[in-house]
Structures are given as C-alpha cells and as structure tokens.
Amino acid sequence: MRYDLGKGVGEAKSNSTVTLNTWHMVQVNRTARSGTLIVNSGVPVRVTSPGTDVALDVNSNFYLGGVRKLSNVNPNAVDNDPAFVQDFTGCIDHFEVCVSLQL
C-alpha cells in the first residue's frame, strides 16, 4: 500500500504470502496520516505518512488493483525495488469505500 498526501509517501508492505491464481483478501484503512494494511487476515501493518497533511486529493488517475503497464502510473506510486517492479493483471471481486467527513 502506498499513498502520498503531499509531503512524502506512506508505504506498508505485508509479510503475508500470496499465491498466483488464488483469491486473497486485502483490507486497507487510512485515517488522516495513519494507514493499515491487512492481507488474508494476517498481522496488520501500520504506516504513518510524513508531514502534516491529512487529505488525499487525487487530481490524476486513481488505480485500484492492476494496470497493464506500470509506465502509465505516477512514478511516486510505484515501488523502485526491481524485485517488485513488474506489470500486473488481476481481478477484484468486491470493493467498498467508506468516506467519513469530520467537520
């Protein structure tokens, strides 16, 4: 999971093993600067993004799941580790968004 609120990237990597051709459950939660990633009901991985900004404003394309060519994605959203840089094709079965506004 990677997100940038404007002052740098918050990144969380799960140690859970995923296998090809198998469905996996990925849960992502972000509140203000704090985020949590859970893969297959495993141990939650927590991350806090740098800076003081708390809003995620997307004024470019937003990607969920796989994209055919990583070159189409903002470079800040792509891991620079060669072991993880590869194109991905996959499916998403269920997606929910819960937006909570605090005034």
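See the structure shown above.
Trainee: Pulling in residues and values, what's your account of the nonpolar core?
Mentor: Formed by Tyr-3, Leu-5, Ala-12, Leu-37, Val-39, Val-45 and Val-47, the largest nonpolar core amounts to seven residues. Once residues within four sequence positions are removed from consideration, Val-47 is found in contact with Met-1, Tyr-3, Gly-10, Glu-11, Ala-12, Arg-33, Ser-34 and Gly-35.

Trainee: Mind laying out the side chain of Thr-36, listing which residues take part and the relevant values?
Mentor: Its location among the elements puts Thr-36 in strand S4 (residues 34-39). We classify Thr-36 as buried; its relative accessible area is 15%. Not counting residues up to four positions away in its chain, the partners in contact with Thr-36 are Met-1, Gln-27, Val-28, Asn-29, Pro-44, Val-45 and Arg-46.

Trainee: Can you break down the side chain of Ser-49 residue by residue, with the values?
Mentor: Looking at the element boundaries, Ser-49 is found in the segment after strand S5 (45-48). Once you skip the residues sitting within four places of it in the chain, Ser-49 turns out to touch Tyr-3, Leu-5, Gly-8, Gly-10 and Arg-33.

Trainee: I'd like to hear about the pairing of S5, residue by residue, with values.
Mentor: Taking every second residue as pointing to the same face, the buried face of S5 carries Val-45 and Val-47, while none of Arg-46 and Thr-48 on the other face is buried. With four bridges connecting them, S4 and S5 associate as antiparallel partners. Considered in S5, the bridge of Leu-37 is made with Val-45. Remark: five residues form the turn of the hairpin made by S4 and S5, two consecutive strands paired antiparallel; Asn-40 in that turn has positive phi of roughly 55°.

Trainee: A description of a nonpolar patch on the surface should follow, citing residues and the corresponding values.
Mentor: A cluster of nonpolar side chains, contributed by Ile-92, Phe-95 and Val-97, occupies part of the molecular surface with about 310 Å² of accessible area. By the secondary structure assignment, Phe-95 is in the segment after S5. Residue classification places Phe-95 among the partly exposed positions, given a relative accessible area of 48%.

Trainee: Mind laying out the pairing of strand S3 (residues 26-31), listing which residues take part and the relevant values?
Mentor: Direction of pairing for S3 relative to S4: antiparallel, over a ladder of six bridges. Bridge pairing in S4 links Val-28 to Leu-37. Hairpin connection, S3 to S4: the antiparallel pair is bridged by two residues, and Ala-32 has positive phi, about 55°.

Reading the values: rules and limits
- Residues numbered from 1 in each chain as written.
- Predicted model: local features only at pLDDT ≥ 70, side-chain atom pairs only at ≥ 80, totals over all residues.
- Heavy atoms only, no water.
- Core = buried A, V, L, I, M, F, W, Y, C linked by side-chain atoms within 4.5 Å.
- Buried < 20%, exposed > 50% of the residue type's maximum accessible area, 1.4 Å probe, protein only.
- Contact = heavy atoms within 4.5 Å.
- Helix = DSSP H or I, 4+ residues; strand = E, 2+ residues; numbered from the N terminus.
- Pairing = 2+ DSSP bridges.
- Patch = residues over 30% accessible without salt bridge, like charges linked within 9 Å, V, L, I, M, F, W, Y side chains within 5 Å.
- Areas by Shrake-Rupley, 256 points an atom, 1.4 Å probe, with all protein chains shown as cover.
- Salt bridge = Lys/Arg side-chain N within 4 Å of Asp/Glu carboxyl O.

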